[in-house]
Amino acid sequence: MRKRLAWFVWVAVCVSGANAAAVEESVDLRDISSPSLRAVEMLDQLPGIGEVLQDQWSTTLPADAQAAEQDLSHYGLLLEAKMQPTTLQQCIALALQHNTGLQVQRLNPIAAGAEVRRTRSAFDPRFFASLTRDRATQPATTFLFAGGSPVLFNQNFTLNAGIRKTLLTGGQVSVQFSNNRRLTNPSLANPLVPLYTTSLSLNLVQPLLQNFGWRYALLLVDIATTAQQAAFHQYVAAIANLVAQVERAYWGLVLAKENVRVQEQGLELARELLRQNEGKYKVGALPHTAVLEAQANVANREAALIRARNAVVVARDQLRALVNAKSEDASALAMLDPEDRPVVEPYETDLQASLTRALEQRPELAAARLDLRAKGLQRKVAENQLLPQLNLVAGIGVNGLAGTDQRVLFGDPPQPVRVNPSFVGGYGDALSLLPDGRFYNYAIGATVEIPLANAQSKAAYAQSNVQFQQSRLSVQQLQEAITLEVKTAIANLESDLKAIEATRVARTLAEENVRNQRARYEVGLATTKDLLDYTEQLTRAQFAEAEALVRYNTDLAELRRVEGTLLQARNIVIEPLRAERPSWWARF
């Protein structure tokens, strides 16, 4: 992986303990540490001039855009494939690598980084140049400019170049080098033909009210940097949400499979009872209604098993679509078969401690605070625009001049016009006068502009103030929501623990009741309906126990998510965002 952008967000899934070996068998963690998209290079991948011209003059979309438009590689992949036993940690690792929604979220910090570069580009120096050639002829009105010719002509060849830069103070400084070669009628006013003029100037325009203030020029950079940090925290939140979704889908599939097992056991008991009743009916020990009751029970059990098996298919497809990992031949999404069983992982619940952790670690809250900061900075920008424009304008320069003496004659008798020999020469002589210091120019002044109504700036400030208040209230609303989420998650987890114990007792008693009723049924003390009712109660008790265990695991993951500790619990390490160092010319 190329590391030209050290700040790029990447995810490394570190698996410890007994799960590490199992994960490494099917998932290469080095692949997860770098994104599947080549986002690291996206900011530096620029087309060449030839490619740009080709695309701009082409009547069709670029090849990659056409290929993306026609791409169907992710369509219709929920087909049957070879079953792949998978642990929860493997599912999480695969989802982090292949989930398309997360890949979309992964690009947001990249886009925000590009915006930071764009705002910093305001301080990049810019080279400018112009090259012109002009010629004009007109009737001569005086011999002073046209000499003895009735036609006055002027021909100029001008080449100017310079560098312009915006300063951190908000001002703009420029250095310009100007050159001119002039051809005209040799005359009393123009004895030097061609005439070369050169100048080197330094100019400054510095705002003093509007667009000026402590770090004002950097406010847009600060806003973009804050937005980049917020995008990073939103990306972390997206990872946590994805992990929680994978856990819910994984345990949902486990529960669906457990329901199939329970329904199969119930069907087997129902069929065994039917066989017994049919045997007793044949020897006259039971009436025909007992056989009919048993047959109806078998039919109901078969229908319940069909629904349970369909629920497994649906739950597996939901997990497959969420993980989005392809099978070995890439013809379908991997058929994931859970290996882990739900267990009661001890977790001490403490509302105040959980609220403290959520306040410190919830990425959504960090992103909301950063958005509030950005809105505050935007309001500060709008506030500055309420001021009138008052700019300091200053400039200083040196100039040179030289040309060829045409020895213009004047007087009676005609005598050559005297020309200062210091200015006779070529272009190089004109350049040599620039460092001389005798020929200079300077200017200093101020410009002012005051909008009479200033309605635009007032409306912009009002809008930014409303957005700031909305962001402030959004932070408060999020704090309220997180408080409710944490309290609800703790209550659910505590309830789940009690439910697990209660359902375990209920299942044990239901098994004992079925055994007792079967013994009573064997000696004729219980009816078929009695035995069917207790068998149904056992089926419900077995499913309720499995459901309570699954709910505990999903609610534990939800509690960790709302606390902001889920990624740490799953050994998911996210490299902190590192700001890109600005270029040296952007530091002044």
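Residues numbered from 1 in each chain as written. Predicted model: local features only at pLDDT ≥ 70, side-chain atom pairs only at ≥ 80, totals over all residues. Heavy atoms only, no water.

Looking at the overall build of the protein chain
Then step 1. In terms of helices and strands, the protein chain carries 15 helices and 12 strands.
Then step 2. For the C-alpha atoms alone, the extent of the protein chain along its principal axes is close to 160 × 50 × 45 Å.
Then step 3. Going through the 588 residues of the protein chain one by one, you find that 38% of them count as buried.
Then step 4. If you take every contact in the protein chain between residues at least 6 apart in sequence, the share linking residues at least 24 apart comes to 80%. (Helix = DSSP H or I, 4+ residues; strand = E, 2+ residues; numbered from the N terminus. Buried < 20%, exposed > 50% of the residue type's maximum accessible area, 1.4 Å probe, protein only. Contact = heavy atoms within 4.5 Å.)

Digging into a nonpolar patch on the surface
Then step 1. On the surface, Val175, Leu200, Leu202, Ile396, Tyr440 and Tyr442 cluster together into a nonpolar patch covering about 620 Å² of accessible area.
Then step 2. Of note, Leu202 is situated in strand β6 (residues 192-207). (Patch = residues over 30% accessible without salt bridge, like charges linked within 9 Å, V, L, I, M, F, W, Y side chains within 5 Å. Areas by Shrake-Rupley, 256 points an atom, 1.4 Å probe, with all protein chains shown as cover. Salt bridge = Lys/Arg side-chain N within 4 Å of Asp/Glu carboxyl O.)

Things to note about the environment of Leu77
Then step 1. Positionally, Leu77 belongs in the loop between α4 (63-70) and β2 (83-86).
Then step 2. Aside from chain neighbours lying at most four places away, what touches Leu77 is Arg320, Lys326, Ser331, Ala332 and Leu333.

Concerning the pattern of salt bridges
Then step 1. Taken as a whole, this structure holds 29 salt bridges when the rule is applied.
Then step 2. Among the salt bridges present, the one from Arg570 reaches Glu247, with a minimum N-O distance of 2.5 Å. Taken as a pair, Arg570 in the loop between α15 (566-569) and β12 (572-574) and Glu247 in helix α8 (residues 219-282) lie far apart in primary sequence, 323 residues in all.
Then step 3. Residue Arg570 is classed as buried on the basis of its relative accessible area, which comes to 13%.
Then step 4. Three or more residues are tied together by salt bridges with common partners; here these are Arg248, Arg362, Glu364, Glu485, Glu558 and Arg561.

What to know about the nonpolar core
Then step 1. Ranked by size, the top nonpolar core spans 48 residues in total, and within it Leu96, Ile239, Val243, Val246, Leu319, Val323 and Leu567 carry the most contacts.
Then step 2. Where this core is concerned, the elements lending two or more residues are α5 (88-98), α8, α9 (288-323), α14 (528-563), α15 and β12.
Then step 3. Of all the elements, α8 adds the most residues to this core, at 21 residues.
Then step 4. Counting residues in each nonpolar core, the second largest holds 14 residues, with Ala358, Ile482, Leu559 and Val562 among its members. (Core = buried A, V, L, I, M, F, W, Y, C linked by side-chain atoms within 4.5 Å.)

Details of the environment of Gly170
Then step 1. Note on placement: Gly170 falls in the loop between β4 (151-166) and β5 (172-184).
Then step 2. Look at Gly170 and you get partly exposed, because its relative accessible area is 22%.
Then step 3. Sequence spacing of Gly170 and Gln206 is 36 residues, and the spatial spacing of their C-alpha atoms is 6.7 Å.
Then step 4. Sequence-distant contacts of Gly170, defined by excluding residues within four places in its chain, comprise Gln206, Pro207, Asn211 and Ala217.

Brief notes about the packing of aromatic side chains
Then step 1. Across all of its chains, the model carries 3 aromatic pairs by this definition.
Then step 2. Seen in terms of ring centroids, Tyr250 and Trp251 are 5.3 Å apart; in terms of plane orientation they differ by 90°. Their pairing is edge-to-face. In terms of burial, Tyr250 and Trp251 fall into one category: buried.
Then step 3. Between Arg164 and the ring centre of Phe128, over which it is positioned, the NZ or CZ distance is 4.2 Å.
Then step 4. The ring of Phe468 carries the charged tip of Arg379 above its face, separated from the ring centre by 4.2 Å. (Phe/Tyr/Trp six-rings, centres within 6.5 Å; stacked < 30°, edge-to-face > 60°. Lys NZ or Arg CZ within 6 Å of the ring centre and 35° of its normal.)

Regarding the sheet that holds β5
The strands that make up a sheet pair up through hydrogen bonds in the backbone, lying either parallel or antiparallel.
Then step 1. Strand order in the open sheet made by the 6 strands is β3-β4-β5-β6-β8-β11, with antiparallel pairing throughout. Of all the strands in the sheet, the pair left with one neighbour each is β3 (126-139) and β11 (440-449). The average undirected angle you get between the axes of adjacent strands in this sheet is 15°.
Then step 2. Across 14 bridges, β6 lies against strand β8 (residues 389-405) in antiparallel orientation. Within β8, the position partnered with Ser199 by the bridge is Asn399. (Pairing = 2+ DSSP bridges. Axes fitted to C-alpha atoms, helices over the stretch in contact; angles between N-to-C directions.)

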